[in-house]
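# Coordinate analysis (summary)
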Amino acid sequence: MTPTRELVALDHAHLWHPYQPNDAWLANPDPPVVVGAQGVWLDLADGRRLIDGIGSWWTSVLGHGHPRVRAAMHAQIDRMGHVPIAGVTHEPAVRLAARLCALAPLPLSRVFFSDNGSTSVEVAIRAAFQFFAQNGAPQRTRFVSFEGAYHGDTIGAVSVGGVRVFHELFAPLCFEVLHVPSGAGGAAWSEASLAALDRVLEVHGSTVAAVVVEPLVQGAGGMRMTSPEWVRGVRERCDRHGALLVCDEVFVGFGRTGTLFACEQCDVAPDFLCLSKGLSGGELPFAATLTSERIFAGFGGDPSRTFFYGHSMAGNPLGCAAALAVLDAFEHDDVLGRARARAGEIAAWVPRLAALPGVAEVRQISTIAAVELDATPSYLDPIGARVARAALERGAWLRPLGNVVYVVPALTIEPFELDRLMRILHDAIAATTGHPELR
Ligand SMILES: *Cc1c(COP(=O)(O)O)cnc(C)c1O
């Protein structure tokens with residue numbers, strides 16, 4: 001094995017990390033070097049162990065190396081690695097597509113595979129646009145999205161994004177999107193958001209192809225939570241104006257909000273459902289976009305009406321096998337029941353966190369808990385990085401969004417692990433804001 005010092009030197013010479021200020025990274029001679037990951041634990045080269053408090057960027061819904069997922073991937077690689085579903089088909093892709101459709105709300109009955117969350121949204125945008133272009137409504141060329149939205153980092157996904165720090169610079173490269181205030185922040189905001197959506201759709205409704213929404217939680221925008229009623233209100237307005245609804249469940253899918261899909265508890269059936277992250281248990285890059293028979297049928301007839309879109313890794317058998325194993329776990333291991341119990345334990349921490357000086361608000365839905373600190377509400381606020389450092393010293397991996405510090409643990413986290421994580425969250429915030437810790 002390469003000695004740690006040498007690894008760090010090579011990293012500093014050659015790697016470019018995502019969402020990472022370069023100078024701060026290069027100035028740190030001692031970054032965590034991960035050598036193993038099991039369950040919610042990361043093993044570091046120096047022998048320390050960290051709790052993965054962020055579910056590896058929200059992907060690790062079942063923890064690292066889940067036995068079902070690992071076994072399925074082993075079995076699959078021994079039979080067949082990558083074969084794209086290009087003029088051929090295979091059992092992993094077929095079985096997964098059928099199983100996702102059986103679980104998703106009606107009328108979702110078709111699955112398009114790609115390999116990450118951004119592309120799952122890109123697929124929905126492109127398909128919605130082309131659907132109208134070739135089915136009698138070519139004037140429907142625009143999209144509506146919400147302030148604070150995050151749908152990924154390709155230019156299409158950035159176009160429908162609404163986080164200024166990430167997206168503003170790229171405005172000249174983006175297509176036209178009508179931005180509406182989101183319903184996050186309580187009943188009054190929800191009503192104001194729907195009223196704004198009404199105003200936009202009254203003027204532009206006949207030219208809108210689709211409305212794109214993160215149901216229940218705007219994740220990267222700062223763990224901003226919306227109500228099921230708001231999501232339902234968005235669906236009703238799409239119906240009224242003939243626009244399609246894209247539910248981006250790349251983050252909230254796979255049990256993150258307490259149900260397999262967030263749209264279930266909103267009683268909403270989208271026209272497109274975008275899935276990634278937890279879909280493969282977070283072990284492989286993999287994504288799916290589900291849609292209805294009506295949309296699929298709009299691409300039939302003359303070959304020029306084909307959806308000319310695809311990725312080299314389309315229908316990757318390993319991703320499919322991992323996803324089938326994830327669904328097995330949800331079906332047989334009572335993952336959602338365990339998550340409900342953990343959500344109750346997190347809820348008990350909410351008042352303690354809210355009582356900490358320097359805390360403006362604590363938000364929770366199921367196993368997602370977010371602490372908004374009194375600071376400039378900005379992704380660039382340095383307080384997040386300070387809390388992350390304090391958490392690292394205490395044994396947890398956190399990755400705050402500016403002044404919003406959150407935990408998104410694996411749904412399979414054990415009660416003692418969760419207690420430890422919540423304690424570290426509490427203490428890291430207390431230490432950063434200069435107040436006494438629990439111990
Ligand atoms: C993470 C995320 C994406 C982008 O997924 P990538 O796999 O990082 O491209 C899209 N939408 C939402 C809601 C996300 O949280």
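### Description of the side chain of Arg-237
Relative to the elements of secondary structure, Arg-237 occurs in helix H10 (residues 228-241). The class of Arg-237 is buried, set by a relative accessible area of 12%. Among the polar contacts made by the side chain of Arg-237, one reaches the side chain of Asp-198 at a distance of 2.8 Å. In contact with Arg-237, other than residues within four places in its own chain, are Leu-194, Leu-197, Asp-198 and Leu-201.

### A look at the pattern of salt bridges
By the definition in use, this model includes 19 salt bridges. In this structure, Arg-99 engages Asp-328 in a salt bridge whose closest nitrogen and oxygen atoms are separated by 2.8 Å. Of this pair, Arg-99 sits in helix H5 (residues 91-103) while Asp-328 sits in helix H13 (residues 317-332), placing them 229 residues apart in sequence. For Asp-328, a relative accessible area of 25% puts it in the partly exposed group.

### A short note on a nonpolar patch on the surface
Residues Ile-155, Leu-169, Phe-170 and Leu-173 make up a contiguous nonpolar surface patch of roughly 400 Å² in combined accessible area. Within the secondary structure layout, Phe-170 lies in the loop between helix H8 (164-167) and strand E6 (177-180).

### Some remarks on the pairing of strand E16 (residues 404-407)
Every second residue of E16 is oriented toward a common face, with Val-404 and Tyr-406 on one face and Val-405 and Val-407 on the other, all of them buried. Here four bridges tie strand E14 (residues 368-373) to E16, and the two strands are oriented antiparallel to one another. Of the residues in E16, the one forming a bridge with Ala-369 is Val-407.

### Things to note about helix H15 (residues 383-394)
Between its terminal C-alpha atoms H15 stretches 17 Å, which fits the 16 Å expected from 12 residues at 1.5 Å a residue. Taken together, the buried positions of H15 are occupied by Ile-383, Gly-384, Val-387, Ala-388, Ala-390 and Ala-391. Viewed along the axis of H15, the buried residues span an arc of 165°, placing them on a single side of the element. Across H15 from its buried face, at more than 90 degrees, point the exposed residues Arg-389 and Glu-393.

### Structural notes on the site of the ligand
By nearness alone, every residue bordering the ligand is listed as Trp-58, Asn-116, Gly-117, Ser-118, Tyr-150, His-151, Gly-152, Glu-214, Asp-248, Val-250, Phe-251 and Lys-277. Ser-118 is positioned with one of its side-chain polar atoms (N or O) 2.5 Å from an oxygen atom of the ligand. Measuring from a nitrogen atom of the ligand, one finds a side-chain N or O atom of Asp-248 at 2.6 Å. Within the complex, 83% of the 380 Å² of free accessible area of the ligand lies under protein. Class assignment of the residues belonging to the shell around the ligand gives a composition of four nonpolar, five polar and three charged.

### Side note on the packing of aromatic side chains
With the rule as written, the count across this model stands at 15 aromatic pairs. Relative to Trp-57, the ring of Tyr-19 has its centre 6.5 Å away and its plane inclined at 90°; by these criteria the two rings are edge-to-face. With Tyr-19 in the loop between helix H1 (4-14) and helix H2 (22-27) and Trp-57 in helix H3 (residues 55-58), the pair connects residues that are 38 residues apart, well separated along the chain. Consider the rings of Phe-112 and Tyr-309, whose centres lie 6.0 Å apart with planes at 65°: the pair is edge-to-face. Highlighted residues: Phe-112 in strand E4 (residues 108-114) and Tyr-309 in the loop between helix H12 (293-297) and H13, separated in sequence by 197 residues. On the basis of relative accessible area, Phe-112 is assigned to the partly exposed category, the value being 25%.

The rules behind these values
Residues numbered from 1 in each chain as written. Predicted model: local features only at pLDDT ≥ 70, side-chain atom pairs only at ≥ 80, totals over all residues. Heavy atoms only, no water. Helix = DSSP H or I, 4+ residues; strand = E, 2+ residues; numbered from the N terminus. Buried < 20%, exposed > 50% of the residue type's maximum accessible area, 1.4 Å probe, protein only. Polar contact = N/O pair within 3.5 Å; in protein donor to acceptor, adjacent residues only side chain to side chain. Contact = heavy atoms within 4.5 Å. Salt bridge = Lys/Arg side-chain N within 4 Å of Asp/Glu carboxyl O. Patch = residues over 30% accessible without salt bridge, like charges linked within 9 Å, V, L, I, M, F, W, Y side chains within 5 Å. Areas by Shrake-Rupley, 256 points an atom, 1.4 Å probe, with all protein chains shown as cover. Pairing = 2+ DSSP bridges. Expected span 1.5 Å × (residues − 1). Arc of directions from axis to C-beta. Near = heavy atom within 4 Å. Nonpolar A, V, L, I, M, F, W, Y, C, P; charged D, E, K, R; others polar. Phe/Tyr/Trp six-rings, centres within 6.5 Å; stacked < 30°, edge-to-face > 60°.

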